[in-house]
Each structure stands twice: as structure tokens, then as C-alpha cells.
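Observations on the model geometry
Listed below are the residues making up each chain.
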Amino acid sequence: MIDISDYGYNGVDKENIARVTAVHKERYEMVCSHGEVFGRLKGSVYYSGSSAMYPTTGDFVKIQFNGQGDSLITQTLPRSSKFSRSNLAGHAEAYVKTVQEQVVAANFDYVFILASLNRDFSPRRIERYAALAWQSGAQPVILLTKADLKPDHTEELGAAEHAAPGVPAYAVSSRTGYGLKELDRYFAARKTAVFLGSSGVGKSSLLNALAGEQIMSVKEIREDDSRGRHTTTHRQLIMLKSGAMIIDTPGMRELGLWAASEGLVNAFSDVESVLLRPCRFNDCRHESEPGCSVKAATESGELSRERWDSYMALKREARFADDKAAALKEKNEFFKSIAKAGKEKKKNGMLRE
Ligand SMILES: Nc1nc2c(ncn2[C@@H]2O[C@H](COP(=O)(O)OP(=O)(O)OP(=O)(O)O)[C@@H](O)[C@H]2O)c(=O)[nH]1
Ligand SMILES: [Mg+2]
């Protein structure tokens, strides 16, 4: 019999709790005390105009177990961490009518940001992932993959550390096993890590290398054009022999920020510390005013121009996403209050079924 605590569940009442290991349109793969089961959402909970959280991979859910067919998911339990993105990236704000939150994974301890050491290496992309990873509530870790293609990667490691201050960075190779031993500390029993990164960086290959078997499929890509083939099509949680869990995800084409203002404070701690210094004018916009502390830091080389530019761009995007997130929350609360009022009326016999 499976003990759901081994899957990272911390609650006391373990009855009828399952963990979602994969999501396929309307069907959910889960593990519970009965083993691996399939589930569907209970309609009256999730589809009646309520704002119930739809489960995602990694979620703990309450179920009504059904030994004959699909079990019913009756509640998504509160999340200890979640990685959300929006559909905002790459579009002019004015043209995006509805900004939506997409929860990619939930209840993980580590966010592994994978970036390949091939020609596609981009510190700017790492910055964006790091901001969202900090916001998730879990510990970010950077992995520079395919180290066998770039045995001398000191420069890239330095660039990654610069792009994400305070985030540990490692170079690894799934092909040769280089650097994998260093990761053992993260893969302890009951811990969950989510793998994120563009298509083709080697997320599934790393999972297979750590598992010691071909669990996820991998398709060859041509390293010279570096484009991934979107091989993984759904998110999957698997358990390693050590009892640690990994959520493999499909490579994302776009990565819009979702309510990431707090994440930016950590992701750009170097920029934030410069901003703490007083400028000559209290209302300095850090553009071209005299006596500006940001200007002094960029001129002295302490802060790079690119770093400042990405900070400003991401900050603007995060502010926009924050507003949308707040608006959505308000809307959900409004619907919740209507649903509650309806229920009360029903209880008091004022409404018929
Ligand atoms: N040289 C080298 N190639 C690697 C390594 N890891 C993965 N690859 C290659 O990179 C390509 C993509 O690997 P995947 O593991 O499918 O990448 P992914 O990140 O899961 O991609 P998606 O599922 O599309 O998001 C394949 O051709 C792998 O053989 C590595 O350590 N070294
Ligand atoms: Mg994959």
C-alpha cells in the first residue's frame, strides 16, 4: 500500500488524499493509498461557476475513491508552492486582452532552471526564469546542461550566477554523467523538484539519467540550430529510487511573468541594493538626472547596462501582470460571494433546486 506521506504530503488526515502525477485534458493520473488511479473533477465543485482551483501536476487533492472506474476529485488542497506564468510574453501589452495565469506545477521544493551550454545560451532567459522561480515559493537552482559540448564553461557559469544572484548553479551532462553526483543533495526522499527550460535543453534526458532508465522519451535535435522539437507534451511527476520526485515539463515557447513583483526583488537583489542608495533627487527616475545612484553604478561598471535594462523591462511587465492578477482575484471573490449567497438562499428555502 502506498503511503501518501512518501509523496510529500504533510497533513495529518491522510484518508482519500491523492497526488496528481499527470494531467490529460479532463483526466488526471494520480497516486493514492490504492496505487495509481485515474480521476475526474467533480462537476458540482469545479464547473458551477465557482472559482475552485483546477488541479495541476504535483497537486494534492481530496478524492472519492472508485474501485470500478475513475475516482472523483472533490477538492484541490492549498499549495505550498506553485510556478505560474502568464500569456503576456512577447506581446505588446495593449494587444493582450485577457492575461491568464497558468499554473505549471505545484508543491515542489526546488525549481531547476535548465539552460543548455550550446549556442542558444542566454542569461536573459535565465533572468526571466529566476524571477518566476523566486516567486514560486521554492528554492531555485540553475543547471547548465550538455557540459560535454562545452567542457570549458567557466564563463557561462559566471554569467548564470550574475543573472541570478544567490542561486546555486551547476554544469551537468546527462550524456557523460558529469556533475550529477553534486545534485544528490536535492534528490532526497519526499522532496519534489520541477524541471523548467526551453524545448531541447535536455530536461527529459536529465530525468532519465537520474532515474537510470528511459522513463521519458527524448528525440534527437540538431545542436547547430539548437531548436527543440517539443518532445514532452504533458507534465509528468515521477519518483526516483531515492524517493525524490521530479516533475518534467514541456519546453515553453513563451514565459510571461505572472504577479512576479516579489520575485523580482530576489532575482535582482544586486539592482535592488543599488536602488536603496539615495539619489540627489527624491523623485529620481534613474534616467538621466544628475546625482543618480543607478547612473553612478552603471558608469563605474558595478552594474551592467543590460542588467538594468532587463530589470526595468521585467518590472514593467510584472506591474502589468500584478494588476491583472489583482483584477482576477477580485472577480473570483465576486463570483464566490454570489455562489455563497445562492447557497444560503437555497438553505433557507428561498430558491428551489
Ligand atoms: N550532448 C548532449 N546532448 C544532450 C544532453 N542531454 C540531452 N541532450 C540532447 O538534447 C536533445 C533534447 O533532449 P530532451 O531531453 O528531449 O530535451 P527536453 O528539454 O526534454 O525537450 P522538450 O521535451 O522538447 O521540452 C536530444 O537530442 C538529447 O540527446 C547532454 O548532456 N549532452
Ligand atoms: Mg522533454
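Before reading further, recall that the structure is shown in the block above.
Next up on the list: the pattern of salt bridges. Inspection of every chain in the model, using the stated rule, returns 19 salt bridges. Across the pair arginine 307 and aspartate 270 runs a salt bridge whose closest N-O atoms are separated by 2.9 Å. Here the residue arginine 307 occupies a position in helix H8 (residues 305-347), and aspartate 270 occupies one in helix H6 (residues 269-275), the gap between them amounting to 37 residues. Its relative accessible area of 0% is what places arginine 307 among the buried residues. The exposure class assigned to aspartate 270 is partly exposed, which follows from its relative accessible area of 22%. Counted as one network, the salt bridges with shared partners bring together Arg124, Glu127, Asp270 and Arg307.

Taken together, 24 residues lie around ligand 1, and Asp148, Ser199, Lys203, Ser205 and Thr232 are the ones closest in. One of the side-chain nitrogen or oxygen atoms of aspartate 148 is found 2.7 Å away from a nitrogen atom of ligand 1. Protein burial of ligand 1: of its 660 Å² of free accessible surface, 97% is covered by the chains. The class makeup of the residues in the shell around ligand 1 is 5 nonpolar, 12 polar and 7 charged.

Right, let's get into the coordination of the magnesium ion (ligand 2). Around a metal, the perfect tetrahedron of four donors has angles of 109.5 degrees, and the perfect octahedron of six donors has angles of 90 or 180 degrees. Looking at the magnesium ion (ligand 2), one finds its protein donor set to be Ser204 (OG) and Thr232 (OG1), positioned 2.0 to 2.1 Å from the metal centre. With serine 204 in helix H4 (residues 203-211) and threonine 232 in the loop between H4 and strand E12 (236-239), this residue pair connects regions lying 28 residues apart in the sequence.

On to the pairing of strand E11 (residues 192-196), then. The element E11 is extensively covered by neighbouring structure, given that 5 of its 5 residues are classed as buried. A two-sided burial pattern is seen for E11, the buried positions comprising Thr192, Val194 and Leu196 on one face and Ala193 and Phe195 on the other. Pairing between strand E8 (residues 110-116) and E11: 4 bridges, direction parallel. When the bridges of E11 are listed, phenylalanine 112 appears paired with phenylalanine 195. Both E11 and strand E13 (residues 245-248) contribute to a ladder of 3 bridges, which runs parallel.

Among all positions of helix H3 (residues 154-163), only Glu156, Leu157, Ala160 and Ala163 are buried. Within H3, the buried residues cover an arc of 125° as seen down the axis, which keeps them to one side. Away from its buried face, by an angle of more than 90 degrees, H3 presents the exposed residues Thr154 and Glu155.

What follows covers unusual backbone geometry. The backbone phi angle of asparagine 16 is positive, close to 60°, even though this residue is not glycine. You can see asparagine 16 is positioned in the segment before strand E1 (17-24). Judged by relative accessible area, asparagine 16 falls into the partly exposed class, the value being 38%. Even without being glycine, asparagine 107 reaches a positive phi, approximately 60°.

With respect to the secondary-structure elements, lysine 203 resides in helix H4. Each C-alpha atom, one on lysine 203 and one on serine 116, is 9.8 Å from the other, the two residues being 87 residues apart in sequence. In this structure lysine 203 touches Leu114, Phe195, Leu196, Gly197, Ser198, Asp248, Thr249, Pro250 and Gly251, once residues within four positions along its chain are discounted.

With that out of the way, let us pick up the pairing of E12. Across a regular strand the side chains alternate sides, sitting on one face of the sheet and then on the other. Across 4 bridges, E12 lies against E13 in antiparallel orientation. Paired with isoleucine 238 across the two strands is isoleucine 246, which belongs to E13. The loop that links E12 with its antiparallel partner E13 comprises 5 residues; one of these, glycine 243, has a positive phi angle of about 95°.

Definitions and limits used
- Residues numbered from 1 in each chain as written.
- Chains lettered and ligands numbered in written order.
- Predicted model: local features only at pLDDT ≥ 70, side-chain atom pairs only at ≥ 80, totals over all residues.
- Heavy atoms only, no water.
- Salt bridge = Lys/Arg side-chain N within 4 Å of Asp/Glu carboxyl O.
- Helix = DSSP H or I, 4+ residues; strand = E, 2+ residues; numbered from the N terminus.
- Buried < 20%, exposed > 50% of the residue type's maximum accessible area, 1.4 Å probe, protein only.
- Near = heavy atom within 4 Å.
- Polar contact = N/O pair within 3.5 Å; in protein donor to acceptor, adjacent residues only side chain to side chain.
- Areas by Shrake-Rupley, 256 points an atom, 1.4 Å probe, with all protein chains shown as cover.
- Nonpolar A, V, L, I, M, F, W, Y, C, P; charged D, E, K, R; others polar.
- Donors = N, O, S within 2.8 Å, 3.2 Å for Na, K, Ca; no water.
- Pairing = 2+ DSSP bridges.
- Arc of directions from axis to C-beta.
- Contact = heavy atoms within 4.5 Å.

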